[in-house]
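Understanding the architecture of this molecule
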Amino acid sequence: MEKVKMFFQNRLYLEVFLAAALFLIAAVFGLIMEVVIYALYFMIFLEIVRVLIGFIYENRVKLRILIDIFIILALREFIVNVVKINKEDFNSIIDVFASSTNYHILIFSGVLVFLFVLRFLAKVTSPSEYYNINYEKANKV
């Protein structure tokens, strides 16, 4: 019994166990994409609640968390468009521009790249990052 308790106290083992269990259940019922899509929805709701709680307690909104929400939302839309909707073959570059679904995929790809660049800039220019860097420089001297 002690080994089982230690197994579930270690967070990594618990996460791997839950992920494997969810994957096996989804694979048996053929619902892997639905599980991924709904897991992304769940993550979006978690991040929204995190923003609201941060706003209530700190009276400010962290831009980094909002960008994370939009990245997750764009990833979900990208997965839906690529896997569930897009049933087309690409034989040449002209085929990419042949349907509106392919335009959506290109737009979501551009949005994702833009959001990742914005996320990087939000991290680099955040006030907490600025003060941590200056504090480390002051302590080195």
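Higher on the page you've got the structure.
Overview of the structure. These numbers were taken from a predicted model, which means no experiment stands behind them.

1. Re the pattern of salt bridges
Summed over the entire model, instances satisfying the criterion amount to 4 salt bridges. A salt bridge links D68 to R119, with the shortest nitrogen-to-oxygen separation between them at 2.5 Å. With D68 in helix α4 (residues 63–85) and R119 in helix α5 (residues 100–124), this residue pair connects regions lying 51 residues apart in the sequence. Overall, the relative accessible area of 18% leaves D68 in the buried class. Relative accessible area serves as the criterion here: at 24%, R119 is assigned to the partly exposed category. Of the charged contacts, one joins R76 and E77 as a salt bridge, the two residues approaching to 2.4 Å between their closest N and O atoms.

2. Quick look at a nonpolar patch on the surface
Together, I93, I94, F97, Y103, L106, I107 and V111 line one region of the surface with nonpolar side chains, adding up to about 710 Å² of accessible area. With respect to the helices and strands, the residue L106 is situated in helix α5. Classification of L106 as partly exposed rests on a relative accessible area of 39%.

3. Some remarks on α5
Compared with the 36 Å implied by 1.5 Å per residue over 25 residues, the 36 Å span of α5 between its first and last C-alpha is a close match. Here α5 has its buried residues at T101, N102, I105, F108, L112, L115 and A122.

4. Some words on the packing of aromatic side chains
If you walk through the whole model with that rule in mind, you get 1 aromatic pair. Look at Y38 and Y41: their rings are 6.1 Å apart centre to centre, the planes differ by 40 degrees, and that puts the pair in the tilted class. Note that Y38 and Y41 are positioned in helix α3 (residues 32–58) at a spacing of 3 residues, about one turn of the helix.

5. Focus on α3
Taking 1.5 Å as the rise per residue, α3 with 27 residues should run 39 Å; its terminal C-alpha atoms sit 38 Å apart, in good agreement. Restricting attention to buried positions, one finds in α3 the residues I37, L40, I44, E47, V51 and G54. Just downstream of α3 lies N59, where phi reads positive at about 60 degrees.

6. Brief notes about the layout of surface pockets
If a probe the size of a water molecule is rolled over the atoms, the empty space left behind becomes visible. Its boundaries defined by the atoms lining it, the largest pocket holds a volume of some 210 Å³. Lining of the largest pocket is provided by R60, K62, L63, R64, A122, T125, S126, P127 and S128. Elements supplying a minimum of two residues to the lining of the largest pocket: α4 and α6 (127–140). Partitioned by chemical class, the residues of the lining of the largest pocket number 3 nonpolar, 3 polar and 3 charged. Reported here for the second largest pocket is a volume of approximately 190 Å³.

7. Focus: the environment of L40
Summarising the element assignment, L40 is placed in helix α3. With a relative accessible area of 13%, L40 lands in the buried category. Once the C-alpha coordinates of L40 and I69 are considered, the two residues, 29 residues apart in sequence, prove to be 9.8 Å apart. Beyond its immediate sequence surroundings of up to four residues, L40 is in contact with I72, L75, R76 and I79.

About the cut-offs
Residues numbered from 1 in each chain as written. Predicted model: local features only at pLDDT ≥ 70, side-chain atom pairs only at ≥ 80, totals over all residues. Heavy atoms only, no water. Salt bridge = Lys/Arg side-chain N within 4 Å of Asp/Glu carboxyl O. Helix = DSSP H or I, 4+ residues; strand = E, 2+ residues; numbered from the N terminus. Buried < 20%, exposed > 50% of the residue type's maximum accessible area, 1.4 Å probe, protein only. Patch = residues over 30% accessible without salt bridge, like charges linked within 9 Å, V, L, I, M, F, W, Y side chains within 5 Å. Areas by Shrake-Rupley, 256 points an atom, 1.4 Å probe, with all protein chains shown as cover. Expected span 1.5 Å × (residues − 1). Phe/Tyr/Trp six-rings, centres within 6.5 Å; stacked < 30°, edge-to-face > 60°. 1 Å grid on protein atoms, 1.4 Å probe; cavity = no way out; pocket = protein on both sides within 12 Å on 5 of 7 lines; lining within 4 Å. Points joined across faces, edges and corners; volume = space filled by probe spheres on them. Nonpolar A, V, L, I, M, F, W, Y, C, P; charged D, E, K, R; others polar. Contact = heavy atoms within 4.5 Å.

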